[in-house]
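Read off the chains here:
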Amino acid sequence: MIVGLSIILVLVLFLPFTIPFVERNLEMFLFVMGIAAVVVSGVLNRDLVMKALEDPIHITIAVVVAGLIFKWLQKPFEKSIKGVSQILPFKLFLALIIIILGIVSSVITAIIAALVLVAIVSVLELDRKSEVRFVILACYSIGMGAVLTPIGEPLSTIATSKLNADFFYLLRLIGSDIIPGVIAFGLLAIILIHPTKKTKGLKANQGKESLTDILIRGFKVYLFVMALTLLGAGFEPFIKRFLLDLNPYILYWINMISAVLDNATLAAAEISSEMDEPTIKAILLGLLISGGMLIPGNIPNIIAAGKLNIKSVEWARFGVPIGLIAMIIYFITIVVFG
């Protein structure tokens, strides 16, 4: 059984990163792998099927409803953003956008927050370097802030489900770590972004979304979370054998692989209800921070980079140093304060 689960884990972690066809059809691929995992581990039963069907409901509803609201309000929203950006000191405006998107992403979902970010960038008139830095800092903020509720992103949905926790569990567990981080990324915009209008900025590939587009995205989120629920249940024997006794500090640094692999998938493979809170905290913080380093690390990165044509090298040049510094700061915080 362990050999079979090990093979499935390797396929799950590396095929989406190496084979474009798998990457384009990630939800279906993970669903198939999830079925394989629960069959190999022998945990497939009626209760698990019902759980897999129920877990994605809330985040799917949130994604669809927020998508519809944004569709209806997109034009007035863009006009408002342009007006506010001309009233406030520009660096302060950028900082506030990063902080606000990070906080509200736990309610409107990381996916919609990323789309809002793209809309904001599309109305700003900045040089490319400044806009790339703004997008990366905002995606760090969104990726971290969205974890505070189970509807914010697939990672938080899966973590809450696997831990059999209540709606506000993650807010209580890591809110005091996440919220200052979101604010810090906003403040970094004031320090690290030096706007100029002398060169061209990013061009967004976005038209007005149709109702079909929104519903398809909702279905993909539903299938994605269902697949992660199955994967998480299937990998439980693997977790009990190899991860439960690992030092939380080791798990924290191991999760730097989240920079190149989707952090929600890693959460499904790593988190167990038998872990203590320091271990869960270390896993989550390691995944969330390193997930912002490169484009494949989390959903906001993928959406923003895809729609704004940000290249992997551009992202890494700024995202990796910022992420490494944040990893070190959070590690010191974990060691000193627990």
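In this report, we go over the structure that sits alongside the text. Predicted model only: the values in this text are computed from it and were never measured.

**Points about the overall build of the chain**
Here is step 1 of the chain: Per the secondary structure count, the chain includes 17 helices and zero strands.
Here is step 2 of the chain: Taking 20 Å as the expected radius of gyration for a compact globule of 338 residues, we find that the chain reaches 19 Å, a close match to that expectation.
Here is step 3 of the chain: Expressed along its principal axes, the backbone C-alpha trace of the chain runs to roughly 60 × 50 × 35 Å.
Here is step 4 of the chain: A total of 338 residues make up the chain; the buried ones form 56% of that total.
Here is step 5 of the chain: Within the chain, counting contacts between residues at least 6 apart in sequence, those at least 24 apart form 82% of the total.

**Comments concerning the environment of Leu188**
Here is step 1 of the chain: Tracing the backbone shows Leu188 in helix α10 (residues 169-192).
Here is step 2 of the chain: Separated by 94 residues in sequence, Leu188 and Leu94 have C-alpha atoms that sit 9.9 Å apart.
Here is step 3 of the chain: If near-sequence neighbours (up to four positions away) are discounted, Leu188 is found in contact with Leu137, Ile193 and Ile322.

**Section: the packing of helix α5 (residues 57-87) against helix α7 (residues 110-123)**
Here is step 1 of the chain: Between α5 and α7, the least distance of the axes is 10 Å, while the angle of their chain directions is 20 degrees. Taken together, the axes of α5 and α7 lie roughly parallel to each other. For the element pair α5 and α7, the recorded crossing hand is right-handed. Counting all contacts with α5, which are made through Val63, Ala66, Gly67, Phe70, Phe77, Glu78, Ile81 and Lys82, the residues of α7 involved are Ile111, Ile112, Leu115, Val116, Ala119, Ile120, Ser122 and Val123.
Here is step 2 of the chain: Residues of the contact of α5 with α7, tallied by class, amount to twelve nonpolar, two polar and two charged.

**Considering the nonpolar core**
Here is step 1 of the chain: Counting residues in hydrophobic clusters, the biggest one holds 106 residues, and the most contacted among them are Leu30, Leu117, Phe134, Val135, Ile178, Leu231 and Leu284.
Here is step 2 of the chain: Among the elements that make up this core, the one with the highest residue count is α7 (13 residues).
Here is step 3 of the chain: Of all hydrophobic cores here, the second largest spans seven residues; its members include Val38, Leu48, Met226 and Leu230.

**Some details on the pattern of salt bridges**
Here is step 1 of the chain: For the coordinates displayed, the defined rule picks out five salt bridges.
Here is step 2 of the chain: Of the charged contacts, one joins Lys51 and Asp55 as a salt bridge, the two residues approaching to 3.9 Å between their closest N and O atoms.
Here is step 3 of the chain: Given a relative accessible area of 16%, Asp55 falls into the buried group.
Here is step 4 of the chain: Among the salt bridges present, the one from Asp177 reaches Lys281, with a minimum N-O distance of 3.2 Å. Of this pair, Asp177 sits in helix α10 while Lys281 sits in helix α15 (residues 277-290); the two residues are 104 residues apart in sequence, bridging distant segments of the chain. An identical accessibility class is assigned to Asp177 and Lys281; each is buried.

**Topic: the packing of helix α14 (residues 263-270) against α15**
Here is step 1 of the chain: In contact at an axis separation of 10 Å, α14 and α15 are set at 160 degrees when each is read in the N-to-C sense. By the criterion of interaxial angle, the relationship of α14 to α15 is roughly antiparallel. When you trace α14 past α15, the crossing you get is right-handed. Where α14 abuts α15, its residues Asn263, Leu266, Ala267 and Glu270 lie against Ile283, Leu287 and Leu288.
Here is step 2 of the chain: Partitioned by chemical class, the residues of the contact of α14 with α15 number five nonpolar, one polar and one charged.

Thresholds applied
- Residues numbered from 1 in each chain as written.
- Predicted model: local features only at pLDDT ≥ 70, side-chain atom pairs only at ≥ 80, totals over all residues.
- Heavy atoms only, no water.
- Helix = DSSP H or I, 4+ residues; strand = E, 2+ residues; numbered from the N terminus.
- Rg over C-alpha atoms; globule rule 2.2 N^0.38 Å.
- Buried < 20%, exposed > 50% of the residue type's maximum accessible area, 1.4 Å probe, protein only.
- Contact = heavy atoms within 4.5 Å.
- Axes fitted to C-alpha atoms, helices over the stretch in contact; angles between N-to-C directions.
- Parallel < 35°, antiparallel > 145°, perpendicular 65-115°, else oblique.
- Left-handed = near helix turned anticlockwise from the far one by under 90°.
- Nonpolar A, V, L, I, M, F, W, Y, C, P; charged D, E, K, R; others polar.
- Core = buried A, V, L, I, M, F, W, Y, C linked by side-chain atoms within 4.5 Å.
- Salt bridge = Lys/Arg side-chain N within 4 Å of Asp/Glu carboxyl O.

Function cannot be inferred from these measures alone, as they are strictly geometric.
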